[in-house]
Amino acid sequence: MSNQRQQKPTLTGQRFKPRKRDEKERFDPSQFQESIVQGLDQSGSDLEAVAKFLDASGAKLDYRRYAETLFDILVAGGMLAPGGTLSEDMTCTDFCVFKAQEDMETMQAYAQVFNKLIRRYKYLEKGFEEEIKKLLLFLKGFTEAERNKLAMLTGILLANGNVSASILSSLFNENLVKEGVSACFAVKLFKSWLSEKDINSVAGSLRKVGMDNRLLELFPANKRSSEHFTKYFDDAGLKELSDFAKNQQSIGARKELQKEIEDQMSRGDPHKDIIAYTREEMKKSNISEQTMVGLIWSSVMSSVEWNKKEELVAEQAIKHLKQYSPLLKAFTSQGYSELTLLLKIQEYCYDNIHFMKAFQKIVVLLYKADVLSEEAILKWYNDAHLPKGKSVFLDQMKTFVEWLKNAEEESESEEEETD
């Protein structure tokens, strides 16, 4: 037997190359940029031709891989280095947003180019939004004219729904805010947006992404006040935006106040302390008594877990409201405040089905507790009620209203006899 070690068998035959699709393609945007720049130069200032070129090129060029490069070229003429400067080692084009005329008509035409491109290639949507966010962070690297064009374009894109208002978060960058770049850019952007849509549409878009309460962040901390915001945007001719922001601040302050009142109630703080605190906040935030009584009502009604059974909830409500009637009384010194409270009660009973039958009992309790006067109740009954549940509530109140009218007539006749 041979001591020589036996060799292991080996496989022989043709060696296959890895499939082309399995090879990792090297990221090289230079060839992509050359193709896009060449096409834009050939199309020139004819934006219809640009849109057609971009539409056709998507079938040949890798838009998915080079989306950022594509959008850089369309906006700035070439690939942007960090900070917003153009990469010098690559071919650039003069047919882009930054080299175009600085007017709304031209920017609207460019917005249509982007709109057509994204509608044709839906996968570019997310990348486009990220591009706009990036461009806003690069504002310091752009000239004033370039910023103005970008602001107009962004306003139009927001109005068209091509990007969401979440892109505005880039404007809260500390360096941009500190140097006043953010506020200045926002003026142009909102003017453009409001030229396309009304303030209600703009407000809706801001609310949708939680930007409605953040507009003051366009200014540094030492200028972040409602007064400064109002003056700045009023002077810039954007009063409707400053009014909206002021209203949002007021809503925010009211929400915080309501939460604090609810916390005081849950802690069992004395009524006099809650009243004193609330009156102080009313002065500080310039809140009217009518608004305040609405807040107090909401706080009182949300401070308890209500019974789900209709027959039991009325009794629970009477007991609860009896406890807090002094609090409501403190903020119904005017007839209009009483009427506001009555409307809030009507709305609440309509929106919370278990309270539908409790309306009359609540009103009678508050009348006896001297929170509501007969004048306010009669005014509500005759012509100041809401359409919500109108027939049900008026029917409930009919007997009590008749009693009030008779009592009023008897009082008048007694006065006449005395005279």
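Criteria and thresholds
Each chain carries its own residue numbering, running from 1 in the direction its sequence is written. pLDDT decides what is reported in this predicted model: residues at 70 or higher carry local features, side-chain atom pairs at 80 or more are listed and counted, and totals for whole chains, interfaces and linings draw on all residues regardless. Computation of side-chain values covers all heavy atoms of the structure but excludes hydrogens and water. UniProt positions are given in the numbering used here, feature names are shortened, and annotations may be inferred rather than shown by experiment. Where a domain begins and ends is set by an automatic assignment or by a domain database. The rule is simple: put a 1 Å grid over the protein atoms alone, call a set of points where a 1.4 Å probe fits but cannot get out a cavity, call an open set with protein on both sides within 12 Å along at least five of seven lines a pocket, and count a residue as lining if it has an atom within 4 Å of a point. Grid points are joined across faces, edges and corners, and a volume is the space filled by probe spheres set on the points. Strands are runs of DSSP state E lasting at least 2 residues, helices are runs of H or I lasting at least 4, and numbering of each runs from the N terminus. Nonpolar core, defined: a set of buried Ala, Val, Leu, Ile, Met, Phe, Trp, Tyr and Cys residues in which side-chain atoms within 4.5 Å join the residues together. Burial classes follow relative accessibility: with a 1.4 Å probe on protein chains only, a residue under 20% of its type's maximum area counts as buried, one over 50% as exposed, and anything between as partly exposed. Residue contacts follow a heavy-atom distance rule, with two residues in contact if any of their heavy atoms lie within 4.5 Å. Comment: axis = line fitted to C-alpha atoms, over the contacting stretch for helices; angle = value between 0 and 180 degrees taken between N-to-C directions. Angle categories: roughly parallel below 35 degrees, roughly antiparallel above 145, roughly perpendicular from 65 to 115, and oblique for all the rest. Crossing chirality is assigned from the near helix's rotation relative to the far helix, an anticlockwise turn below a right angle marking it left-handed and a clockwise turn marking it right-handed. Residues are sorted three ways: Asp, Glu, Lys and Arg are charged, Ala, Val, Leu, Ile, Met, Phe, Trp, Tyr, Cys and Pro are nonpolar, and all the rest, Gly among them, are polar. What makes a salt bridge here is a side-chain nitrogen of Lys or Arg within 4 Å of a carboxyl oxygen of Asp or Glu, nothing more.

With an unreviewed UniProt entry as reference, the protein is termed Basic leucine zipper and W2 domains 1, source organism Poecilia latipinna. UniProt, in its Sequence similarities (unreviewed entry) section for the protein, records the words "Belongs to the BZW family."

**Let's talk about the domain arrangement of the protein**
Split by domain assignment, the protein resolves into domain 1 (29-212) and domain 2 (306-408). Inter-centroid distance (C-alpha atoms) of domain 1 to domain 2 is 56 Å.

**Examining the layout of surface pockets**
Reported here for the largest pocket is a volume of approximately 240 Å³. In this structure, the largest pocket is lined by Asn-213, Ser-226, Glu-227, Lys-246, Gln-248, Gln-249, Ser-250, Gly-252, Ala-253 and Glu-256. Those elements giving two or more residues to the lining of the largest pocket turn out to be helix H10 (226-235) and helix H11 (239-267). Of all the elements, H11 adds the most residues to the lining of the largest pocket, at seven residues.

**Notes on the nonpolar core**
Counting 78 residues, the largest nonpolar core has Leu-168, Phe-190, Trp-193 and Leu-206 as its most contacted members. Ranked by residue count, the leading element in this core is helix H8 (residues 181-196), at nine residues. Sequence-distant contacts of Leu-206, that is, excluding residues within four places in its chain, are made with Ala-165, Leu-168, Phe-190, Trp-193, Met-211, Asp-212, Leu-215 and Phe-244. Membership of the second largest hydrophobic core comes to 53 residues, among which are Val-313, Leu-321, Leu-327 and Val-401.

**Some remarks on the packing of helix H4 (residues 104-120) against helix H6 (residues 144-160)**
Running from amino to carboxyl end, H4 crosses H6 at an angle of 55°, the nearest separation of the two axes being 9 Å. For the element pair H4 / H6, the angle class is oblique. Considering the relative orientation of H4 and H6, their crossing is right-handed. Here Met-104, Met-107, Gln-108, Tyr-110, Ala-111, Gln-112 and Phe-114 of H4 lie close against H6, whose contacting residues are Lys-149, Met-152, Leu-153, Ile-156, Leu-157 and Asn-160. Of the residues assigned to the contact of H4 with H6, the class counts are nine nonpolar, three polar and one charged.

**Points about the pattern of salt bridges**
All chains considered together, the criterion is met by 21 salt bridges. Residue Glu-125 is joined to Lys-122 by a salt bridge in which the shortest nitrogen-to-oxygen separation is 3.1 Å. By relative accessible area, Glu-125 is classed as partly exposed at 38%. Given a relative accessible area of 52%, Lys-122 falls into the exposed group. Between Lys-329 and Asp-370 there is a salt bridge, with its nearest N and O atoms 3.8 Å apart. Here Lys-329 is found in helix H14 (residues 310-329), whereas its partner Asp-370 is found in the loop between helix H16 (359-368) and helix H17 (374-384), with 41 residues between them in sequence. Shared partners join several salt bridges into a network, and the residues in it are Glu-68, Asp-72, Glu-131 and Lys-134.

**Some thoughts on empty space enclosed by the protein**
In total, this model carries three cavities of 30 Å³ or more according to the counting rule given. When its volume is computed, the largest cavity comes out at roughly 40 Å³. Lining the largest cavity, in full, are Leu-40, Gly-44, Leu-47, Val-50, Leu-74, Phe-95, Cys-96, Tyr-110 and Val-113. Secondary structure elements with two or more residues in the lining of the largest cavity: helix H2 (47-57) and H4. Class assignment for the residues of the lining of the largest cavity results in eight nonpolar, one polar and no charged.

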